[in-house]
Amino acid sequence: MEPRPRGPDRERTGCDVTRVLVIGGGIAGTAAAVALRKAGIDVAVYEAHPDSAEDIGAFLTLASNGMRALAQLGASAAVTAIGFPLTSMRVLDGAGAQVAHVPLGEAADPRLRYRCLRRGELNTALQAEAARRGIDIRHGARLAAVEDGPDGVTAHFADGSTATGDMLVGADGLNSTVREAIAPATRPVHAGQQVFYGYTRAAPLPGPDASITMVRGGPGGFGCAVSPDGETYWFARVSGDPLPMDEITRGTPAGWRDLLVPLLREDAPVAADVVAATTDAIMVTNATELPPGAPWRTARTLLIGDAAHAASPATGQGASMALEDAVVLAKSLRDAPDIETALSCYESLRRPRTEHNTTVSGNISRGTHTPSRPAGGASPPRPGDDDLARLLEWDSDIMAMRPAHQG
Ligand SMILES: Cc1cc2nc3c(=O)[nH]c(=O)nc-3n(C[C@H](O)[C@H](O)[C@H](O)COP(=O)(O)OP(=O)(O)OC[C@H]3O[C@@H](n4cnc5c(N)ncnc54)[C@H](O)[C@@H]3O)c2cc1C
């Protein structure tokens, strides 16, 4: 059962933020809008894409921590209606022999199970949930500049229109325009791998139901999961320099397959067979991250999600971290007496955890760290894991959870 909604009805302690502009209608921005609305704050989302049906390309896994954040927003049902659950992880050697089979995350609770879904489907579902709650999502609104004043913030859009609010949230992803204004020196960097994704209904690697299969060997990492209707979702990470953008744009599924299969064939033939069976749906991207330590905020502007802490995909935590951001931000604005206290509370709770993820994920992608997981199973501990349930619990007072030096 979803937690009892405690939204605009919950008493706020008097933070001076009543209207928030959210830039970016991706996972972070849409979830933040839902959370802010639930905290009784007026919010609008400005999304550059002209419609919600953006690329349905790559898939991702939402981990139990991300699903927990969604549950606290009362938004589990919107997401469990799409994709499929994953309750265990199987590890195979390159030839296909099983090395381990372990439970994944909080598998016993249907709301908190890992979920595998296409990123575009997730975005669309979250946007529909936001719209259902009466949140204004403006498509085709590309932010061009931010003007941060003592009493408010103004967003200037590429079409010449403007919007004003008490605060602006930059949820505009890896190449954030908002970050350009706050931290112009911060640039995304290559995290040492190219990442290929594919879908096929002809893969010769069935697994147990609701299981993700990781295959050892090969040039960086390979994993796949079979949906209940028999479609295999797979990814392959390949260590190396970034692929030039024009090569990515010109590439074809057949070309990527011909590149990838020989790389996998010798050490991970079982993975090579899955890729070889994929005919028309293979995509590639470079693994990219933001170096930790860059500023996240000014007086009335805050970066969240990939705009603040993009990580390489190795730990599979980017979307889940964005969902955690949404809940912690809304609770901070709800419970703090003023915006400065709210944003510093938010940052002190989020920075250690998200930057730990960026570092660990980057180290895995660069091959400088072997995941300390039981045979590739459970995630290594992260700062904040112990208190996460209480932190995300909608009704708990976030001010009581600030690090001691802030209290
Ligand atoms: C290959 C790959 C695999 C991944 N796998 C996983 C995984 O398994 N699990 C996981 O949890 N995470 C995964 N991630 C990470 C995850 O996809 C991201 O962390 C997540 O999408 C971040 O969400 P976001 O809302 O911050 O950014 P985005 O999803 O990038 O959304 C940003 C939004 O802002 C909009 N925008 C941009 N500029 C402007 C502007 N100027 N004005 C208005 N709007 C603007 C964009 O159109 C977009 O809609 C993966 C990422 C990659 C690249």
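Let us now look at the overall build of the chain. Helices and strands together make up the secondary structure of the chain, namely 12 helices and 18 strands. In terms of C-alpha radius of gyration, the chain reaches 21 Å, essentially the compact-globule figure of 22 Å for 407 residues. Overall, the chain is about 60 × 45 × 40 Å in size when its C-alpha atoms are taken along their principal axes. For the chain, the residues scored as buried account for 55% of the 407 residues in total. The long-range fraction of contacts in the chain, counting pairs at least 24 apart against all pairs at least 6 apart in sequence, stands at 76%.

To continue, consider the pattern of salt bridges. Tallied over the entire structure, the rule returns 24 salt bridges. Asp229 is the partner of Arg201 in a salt bridge, and the nearest nitrogen-oxygen pair spans 3.3 Å. You can see Arg201 sitting in the loop between strand 13 (189–200) and strand 14 (211–215) and its partner Asp229 sitting in the loop between strand 15 (220–226) and strand 16 (232–239), a full 28 residues away along the chain. By relative accessible area, Asp229 is classed as exposed at 53%. Close ionic contact of Asp385 with Arg353 constitutes a salt bridge, the shortest N to O distance being 2.6 Å. Of this pair, Asp385 sits in the loop between helix 11 (339–366) and helix 12 (388–392) while Arg353 sits in helix 11; the two residues are 32 residues apart in sequence, bridging distant segments of the chain.

Attention shifts here to the packing of helix 7 (residues 253–265) against helix 8 (residues 269–276). Contact geometry of helix 7 with helix 8 gives a least axis separation of 7 Å together with a crossing angle of 165°. Viewed along their axes, helix 7 and helix 8 adopt a mutual orientation that is roughly antiparallel. By crossing handedness, the relation of helix 7 to helix 8 is classed as left-handed. Side by side, helix 7 and helix 8 meet where Arg257, Leu260, Val261, Leu264 and Arg265 of the first sit next to Pro269, Ala271, Ala272, Asp273, Val275 and Ala276 of the second.

To continue, consider the sheet that holds strand 11 (residues 162–165). A sheet is described by the order of its strands in space; here three strands give the open sequence 9-10-11, paired in antiparallel fashion. Whereas interior strands pair on both sides, the edge strands pair on one side only; in this sheet they are strand 9 (143–148) and strand 11. Strand-to-strand, the axes of this sheet are offset by a mean angle of 20°, without reference to chain direction.

Let's shift gears to helix 1 (residues 27–38). Along its 12 residues, helix 1 runs 17 Å from first to last C-alpha, staying within 8% of the 16 Å computed at 1.5 Å per residue. The element helix 1 is largely enclosed, with a buried count of 11 among its 12 residues. Every buried residue of helix 1 is accounted for by Ile27, Ala28, Gly29, Thr30, Ala31, Ala32, Ala33, Val34, Ala35, Leu36 and Lys38. Packing partners of the buried residues in helix 1 comprise strand 1 (19–23), strand 2 (42–47), strand 3 (59–62), helix 2 (64–72), helix 4 (119–132) and helix 10 (318–335). Trailing helix 1 by a residue or two, Gly40 shows a phi angle of about 85°, which is positive.

What counts, and where the lines are drawn
Residues numbered from 1 in each chain as written. Predicted model: local features only at pLDDT ≥ 70, side-chain atom pairs only at ≥ 80, totals over all residues. Heavy atoms only, no water. Helix = DSSP H or I, 4+ residues; strand = E, 2+ residues; numbered from the N terminus. Rg over C-alpha atoms; globule rule 2.2 N^0.38 Å. Buried < 20%, exposed > 50% of the residue type's maximum accessible area, 1.4 Å probe, protein only. Contact = heavy atoms within 4.5 Å. Salt bridge = Lys/Arg side-chain N within 4 Å of Asp/Glu carboxyl O. Axes fitted to C-alpha atoms, helices over the stretch in contact; angles between N-to-C directions. Parallel < 35°, antiparallel > 145°, perpendicular 65-115°, else oblique. Left-handed = near helix turned anticlockwise from the far one by under 90°. Pairing = 2+ DSSP bridges. Expected span 1.5 Å × (residues − 1).

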